[in-house]
Amino acid sequence: MRAPRLHTVLLVLAAVAGVPGPGGFAQDADAPSVSENDWPWWRGARRDGTAPEGQHPPLAWSAEKNVLWKVPVPGRGHGSAAVSGNRVYLAACDEASGAQSLFCFDRAAGSLVWSTEVHKDGAMRKNAKSTGASTSPACDGERVFITFANRDAAVATALSLDGKILWQTKFSDYQIHQGYGSSPAVYRSLLLVSADHKGGGTASALDRKTGAIVWTHDRPKAPNYASPVVLRVDGKDQLLLTGCDLVSSLDPLTGKVLWETAGATTECVTSTVTDGKNVFSSGGYPRNHLAAVRADGSGAVAWETKDRVYVPSLVIRDGRLYGVLDAGTAACWASDTGKELWKARLGGTFSASPVLAGDRIYAVNETGETFVFQANPEKFTLLSTNKLGDETFSTPAICGGRIYLRIAQKVDGRRQEFLCCLGEKS
């Protein structure tokens with residue numbers, strides 16, 4: 001285990017008892033206000049790819065059906081939209097200049113409200129499926145945050161709601177391997193960020209108001225792409241990271257290691273979920289791997305399979321894990337035993353993560369086909385297949401009964417990205 005390097009006194013960050021908030025987290029006066037109608041950061045308000053209850057996103061759409069608005073997005077990116085209040089935020093990169101920007105759109109109409117160039121050049125990418133903007137923004141209701149790999153560094157930036165840069169903090173050196181895809185996580189008064197690479201990365205906490213580094217935890221010298229995620233498991237909030245051959249749990253307020261075990265592969269892309277007892281690791285290099293790790297500090301691996309769930313993250317409902325294998329197969333497992341309950345071929349290759357909305361799962365493949373199927377452990381039931389655009393690597397955001405989906409298609413022979421809002425037209 002590695003002890004965190006504490007950069008500032010943490011007395012003001014002592015744990016404060018509170019009532020559960022979104023995702024079951026204890027809340028305090030510094031916690032962001034999150035609406036159930038929003039999707040404020042990567043994997044949504046609950047941080048597990050689950051849309052808020054009681055909404056009815058569309059089951060069917062096409063280029064002509066149930067597209068409420070569609071707006072062009074300059075440049076390229078694979079990050080998802082963040083939806084907060086009456087705004088939608090999305091990152092993009094100009095691949096010619098290496099400029100990295102954040103865009104803000106009106107939630108109701110899709111019109112561009114503002115765009116801000118965060119870095120004028122210096123974007124880093126290597127793999128053909130990576131971009132200089134593969135991370136998703138996070139919004140705490142007062143600021144918008146984005147992380148980019150830029151000029152051999154991992155940098156977090158905070159912007160005001162009108163697009164002004166408030167602060168910018170380099171939190172780690174960064175050696176590019178395939179690409180950078182670690183999205184920031186908001187927790188209480190902190191912004192949690194990570195950057196794993198061959199030179200030895202970090203997981204860090206920044207003060208959301210100032211960008212000051214509160215704590216930093218050294219990570220192994222290995223490439224990895226997973227985003228930090230805070231889940232309430234085994235009775236406490238845990239900052240969880242998979243990859244670098246480890247499943248790691250940190251205290252999100254202090255960076256102290258709660259437990260760490262060799263329960264993952266070297267390279268992981270997915271963000272973990274929990275059933276309250278286990279957290280789940282999945283990776284694809286140097287081996288295919290899906291495993292359940294006890295979150296009680298024992299380090300025990302409850303079960304493991306050889307399924308390749310490398311890029312798309314899992315979702316969980318009523319003790320059942322649902323996922324899409326990269327090669328285009330949907331699957332369901334019992335979360336306590338790992339028993340395979342069913343598998344069904346969808347088609348195509350998947351990079352986007354599935355999203356759970358009620359008892360429906362929305363899964364988008366790389367050619368823009370969205371498969372909607374039932375979250376049913378008894379059998380696979382396909383509800384609809386919908387095609388929009390020519391390419392999608394971005395996970396949809398589902399909130400307020402609408403779907404916010406980033407697509408790309410050919411326009412006059414050139415690739416053009418769009419942000420689409422899908423909903424039932426009256």
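**Q** Please give an account of unusual backbone geometry that cites residues and values.
**A** A cis geometry characterises the amide bond from Y285 onward to P286, with omega recorded as 5 degrees. Mapped onto the elements of the fold, P286 is located in the loop between β19 (278-283) and β20 (289-294). If you check the backbone angles, D152 has positive phi at about 60 degrees while not being a glycine. Phi at D245 is positive, roughly 65 degrees, even though this residue is not glycine. Residue placement: D245 occurs in the loop between β16 (236-243) and β17 (246-250).

**Q** How would you explain the sheet that holds strand β21 (residues 301-305) if you had to name every residue and give the values?
**A** Here three strands make up an open sheet; going across it, the order is β19-β20-β21 and the pairing antiparallel. The open sheet is flanked by β19 and β21, the only strands paired with a single partner. Across the sheet, the mean angle from the axis of one strand to that of its neighbour is 15 degrees, orientation sign disregarded. Where β20 lies against β21, four bridges are found, and the strand directions are antiparallel. In the sheet register, V293 faces β21, and the bridge partner there is V301.

**Q** Please give an account of the sheet that holds β17 that cites residues and values.
**A** Spatial ordering of the open sheet is given by β15-β16-β17-β18, a layout of four strands whose pairing is antiparallel. Here the strands that pair on one side only, and so sit at the sheet edges, are β15 (229-233) and β18 (257-261). Ignoring which end each strand starts from, the neighbouring axes of this sheet average 30 degrees apart. In the sheet, β17 pairs with β18 via four bridges, with the strands oriented antiparallel. Bridged to S249 within β18 is W259.

Thresholds applied
- Residues numbered from 1 in each chain as written.
- Predicted model: local features only at pLDDT ≥ 70, side-chain atom pairs only at ≥ 80, totals over all residues.
- Heavy atoms only, no water.
- Helix = DSSP H or I, 4+ residues; strand = E, 2+ residues; numbered from the N terminus.
- Pairing = 2+ DSSP bridges.
- Axes fitted to C-alpha atoms, helices over the stretch in contact; angles between N-to-C directions.

So far we have only geometry, and geometry alone does not tell us how the molecule works.
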